[in-house]
Amino acid sequence: METINSEIFTLMYGSIVRQLITDLEDITEVNKQLDTMGYNIGVRLIDEFLAKSRTAACTDFRDSTEKVAKVGFRMFLNTTANVTNWNPEGTECSLVLEDNPLTDFVELPEGCSKLKYCNVLCGVIRGALEMVNVQVECDFAKDTLRGDELNEIRLKLISEGTEAYPFKDDD
Amino acid sequence: MRSDRSSRRRLALAAIWLRKSPFQTSEQPLNSLASSIARRAMFSGRLNLIDRPLSKGKSEVSLSAFSFLFSEMVQYSQTQVSNIGELERRLEDAGYSIGLRLLEMLCFRERNSKREIKLLDALKFVHSTVWKYLFGRQARDLEQSNAADDEYMISDSDLFVNKFISVPKDMGQLNCAAFVAGIVRGVLDSAGFPARVTAHFVPVPGQPRPKTTILMKFDASVLQRDSALPSG
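Numbers given for residues are sequential positions, taken from 1 along each chain in its written order. Written order determines the labels here, with chains lettered from A and ligands numbered from 1. For this predicted model, a pLDDT threshold of at least 70 governs which residues receive local features, and a threshold of 80 or more governs which side-chain atom pairs are given and counted, while totals over whole chains, interfaces and linings are taken from all residues. Computation of side-chain values covers all heavy atoms of the structure but excludes hydrogens and water.

Now for the interface of chain A and chain B. For this analysis, residues touch if any pair of their heavy atoms sits within 4.5 Å. The partner chain B presents 38 residues to the 36 residues of chain A that form the contact. It is Ile4(A), Ile8(A) and Met12(A) that lose the most area in chain A upon contact with chain B, and together they represent 17% of the buried surface on that side. A carboxyl oxygen of Asp or Glu within 4 Å of a side-chain nitrogen of Lys or Arg is what we treat as a salt bridge. In this structure, the connection of chain A to chain B is made through four salt bridges. Close ionic contact of Arg90(B) with Asp23(A) constitutes a salt bridge, the shortest N to O distance being 2.6 Å. Here a helix means four or more residues in a row that DSSP labels H or I, a strand means two or more in a row labelled E, and each is numbered from the N terminus. Elements with a contribution of two residues or more to the side of chain A that touches chain B: strand S1 (3-5), helix H1 (6-24), helix H2 (27-53) and helix H3 (61-77) of chain A. Among the elements that line the side of chain A that touches chain B, the one with the most residues is H1(A), at 14 residues. Split into classes, the residues belonging to the side of chain A that touches chain B amount to 19 nonpolar, eight polar and nine charged. Note on terms: buried area is the combined drop in 1.4 Å-probe accessible area of two parts once they are placed together, counting the loss on both. Any residue outside Ala, Val, Leu, Ile, Met, Phe, Trp, Tyr, Cys, Pro, Asp, Glu, Lys and Arg is labelled polar, Gly included; the first ten of those are nonpolar and the last four are charged.

Quick look at the structure:
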């Protein structure tokens, strides 16, 4: 797998967020735009993930989140996440990230405390899982840039569709 | 002992900020900086970003993550502009803000106490150090243009920035390495050599793909200052 220096990635992401804030000026709009960009990345990222990781089909939501946290994050961001905090029905969990390459040199200024800086990650997870028929809602529960100890993404399963064969055999 | 070394490093870093960077000013004089760092660390559990030691810069991220993010940036910029020139300008501006910050960090990591003040030295810095940081190797060529003596060119082929980008016919000569050109412009500007930097595709005889050339046109003030310096 080809790799590049992670700092150029971090700096470029910072540049993107800066451009968005300058253009849009409204922090909720910036959060939404980051989520949309992440979603667009996610729908294409899932193809590469499935091709390169050659995993078998996941059995249930627990398995999917484990794959996202362990294989997915390692493949693209070279860092692992842990899956914790399952709710009793098994439909909600938290992905805990200790070090996040996107926020290496970042500090949020006073006026931007509502900015979800890594919202693009939420969009990527949402987009990627949607392409395999798992609808989730993804949000940041804890954010190191806002003073918490670690990054925590809360995943809520909304529905799981069945795989439908897109072509009709008798046509 | 360890805190001594790290606090000396922090003082050195603060010294670099105060002396080198025209963009950040610090109101505190140097000798009280160390005590204020200690005070800040005492009152907040986690060290402030500026007080944490600087990483070695060896961690890696997959090329596909970068390419996905870069493609999103290009797509977003396309919605904000109306022609190719503006798109290149936006990519360059994104790279410019990176380049400004990159010079500080690279100089600190190089542990160079002297700044380059000659044009050729600055170009060599871009050609070797910056390129090695960005692409893992030195750039292929550094040449001076025949037509004008304020133009210099750095060429390279197969920049990873362009690896997964195919430019459609109606976009003409768009080169997404305008991003890299912006980084170079930021580095040169921060070092005190203002220039206009652009990226072009130059076909190479005998190779199927053209190479990318970063063209730097320096301001007249830079050349005047350079010729006034004692050479050698």
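Let's shift gears to the packing of helix H5 (residues 119-135) of chain B against helix H6 (residues 178-190) of chain B. All names here are of chain B. Note on definitions: angles span 0 to 180 degrees between N-to-C directions of axes, and those axes are lines fitted to C-alpha atoms, for helices only across the stretch in contact. The N-to-C vectors of H5 and H6 enclose an angle of 130 degrees; their axes lie 12 Å apart at closest approach. Classed by the angle they form, the pair H5 and H6 counts as oblique. Here H5 runs over H6; the crossing is right-handed. Facing Phe125, Val126, Val130, Trp131, Leu134 and Phe135 of H5, the residues of H6 in contact are Val180, Ile183, Val184, Val187 and Leu188. Among the residues forming the contact of H5 with H6, the class breakdown is eleven nonpolar, no polar and no charged. Comment on the angle field: the value is read as roughly parallel under 35 degrees, roughly antiparallel over 145, roughly perpendicular from 65 to 115, and oblique elsewhere. Helix crossings fall into two classes, left-handed where the near helix is turned counterclockwise from the far one by less than a right angle and right-handed where it is turned clockwise.

Within the secondary structure, Arg154(A) is located in strand S5 (residues 151-160). If we skip the residues at most four places from it in the chain, Arg154(A) touches Asn85(A), Glu92(A), Cys93(A), Ser94(A), Glu137(A), Cys138(A), Asp139(A) and Ala141(A).

For the rest of this paragraph, the subject is the sheet that holds strand S3 (residues 92-97) of chain A. Residues and elements named next belong to chain A. Here, a strand pair is defined by DSSP locating no fewer than two bridges between the strands. Pairing in this open sheet of four strands is antiparallel, and the strands run S2-S3-S5-S4 from one edge to the other. Only two strands of the sheet have a single partner each, and these edge strands are strand S2 (81-84) and strand S4 (134-142). Averaged over all pairs of adjacent strands, the angle between strand axes in this sheet comes to 25 degrees, irrespective of strand direction. Pairing analysis gives eight bridges linking S4 to S5, with the strands arranged antiparallel. Pairing of Asp139 across the sheet is with Arg154, part of S5. Across the face of the sheet, H3 comes into contact with S2, S3, S4 and S5 while running at roughly 160 degrees to S2.

All names here are of chain B. Planes of paired rings set the category: under 30 degrees apart is stacked, over 60 is edge-to-face and the rest tilted, where pairs are Phe, Tyr or Trp rings (Trp by its six-membered ring) whose centres lie within 6.5 Å. Enumeration over the complete set of coordinates arrives at eight aromatic pairs over all chains. Taking the centre distance of 5.2 Å and the plane angle of 50 degrees together, the rings of Trp131 and Phe135 count as tilted. Placement of both Trp131 and Phe135 in helix H5 is noted, with a separation of four residues, approximately one turn of the helix. Think of it in three bands: residues with accessible area under 20% of the maximum for their type are buried, residues over 50% are exposed, and the middle band is partly exposed, with areas taken using a 1.4 Å probe on protein chains only. What makes Trp131 buried here is its relative accessible area of 1%. Exposure remark for Phe135: the relative accessible area of 14% places this residue in the buried category.

Before going further, it helps to examine the sheet that holds strand S5 (residues 211-218) of chain B. Either a parallel or an antiparallel arrangement is found when strands of a sheet pair, and the pairing is made through backbone hydrogen bonds. Residue and element names in this part refer to chain B. Judged by pairing direction, the sheet is antiparallel, and its four strands sit side by side in the order S2-S3-S5-S4 without closing on themselves. Where the open sheet ends on each side, the last strands, each with one partner, are strand S2 (141-144) and strand S4 (195-202). Mean inter-strand twist for the sheet, computed between neighbouring axes without regard to direction, equals 20 degrees. Pairing of strand S3 (residues 151-156) with S5, which is carried by six bridges, proceeds in the antiparallel orientation. Paired with Ser155 across the bridge in S5 is Thr213.

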